[in-house]
Amino acid sequence: MADRVAKLSTEKAVVIFTTSQCPMCHTVVSLFSDLDVCTAVHELDKDPRGRDMERELARRLGRSPPVPAVFIGGKLIGSTDRVMSLHLDSKLEPMLKSAGAKWL
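For the structure given in this document, a descriptive report is provided here. The model shown is predicted, which means the values in this text are computed figures rather than measured ones.

Focus on the nonpolar core
The biggest cluster of nonpolar side chains holds 16 residues, and the ones touching the most others in it are Val14, Phe32, Ile72, Leu92 and Leu96. Elements that contribute at least two residues to this core include exactly β1 (14-18), α2 (23-34), β3 (69-72), α4 (80-88) and α5 (92-98). If you tally residues by element for this core, the top one is α2, at three residues. Val5, Val15, Cys22 and Leu57 belong to the second largest nonpolar core, which has 13 residues in total.

Quick word on the sheet that holds strand β2 (residues 40-43)
In spatial order, the strands read β2-β1-β3-β4; together these four strands make up an open sheet with mixed pairing. The strands lining the two open edges of the sheet, one partner per strand, are β2 and β4 (75-78). Averaged over all neighbouring strand pairs, the angle between strand axes comes to 25°, with direction disregarded. In the sheet, β3 pairs with β4 via three bridges, with the strands oriented antiparallel. Considered in β4, the bridge of Val70 is made with Gly78. Packed onto the sheet, α2 meets β1, β2 and β3 and runs at close to 160° relative to β1.

Side note on the side chain of Glu56
Considering the arrangement of structural elements, one finds Glu56 in helix α3 (residues 50-61). Judged by its relative accessible area of 9%, Glu56 is buried. Contact partners of Glu56, with chain neighbours within four places excluded, come to Met1, Ala2 and Val5.

Comments concerning the packing of aromatic side chains
A full pass over the atoms with the stated rule returns one aromatic pair. Ring geometry for Phe17 and Phe71: centres 5.7 Å apart, planes at 70°, overall edge-to-face. Here Phe17, found in strand β1, pairs with Phe71, found in strand β3; they are 54 residues apart in sequence, far enough to count as distant. According to the relative accessible area criterion, Phe17 is buried, its value standing at 0%. Note on Phe71: relative accessible area 1%, which makes it buried.

What counts as what
Residues numbered from 1 in each chain as written. Predicted model: local features only at pLDDT ≥ 70, side-chain atom pairs only at ≥ 80, totals over all residues. Heavy atoms only, no water. Core = buried A, V, L, I, M, F, W, Y, C linked by side-chain atoms within 4.5 Å. Buried < 20%, exposed > 50% of the residue type's maximum accessible area, 1.4 Å probe, protein only. Helix = DSSP H or I, 4+ residues; strand = E, 2+ residues; numbered from the N terminus. Pairing = 2+ DSSP bridges. Axes fitted to C-alpha atoms, helices over the stretch in contact; angles between N-to-C directions. Contact = heavy atoms within 4.5 Å. Phe/Tyr/Trp six-rings, centres within 6.5 Å; stacked < 30°, edge-to-face > 60°.

Right, here's the structure in full:
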């Protein structure tokens, strides 16, 4: 399952693993939308292999539940707290530009 997560995490500059009923997942997806970033969103509860991917993400993040799990440029950034911290510290947009997710 690590290979599947690795493959999916690089399909776009920003990839977010979520579940459909997670309010924090919605918040993170909305943030990237507000920043005009096109993301790939994978709802684990709608994927037949979602449980296995969820376990792999929990292992990588060291926490459960592991969603939202945000990858930028194929690198695991973290969950809501990490993404919001980067955004508030004005470090998220340069990271997005560096990954090719944002041009301006």
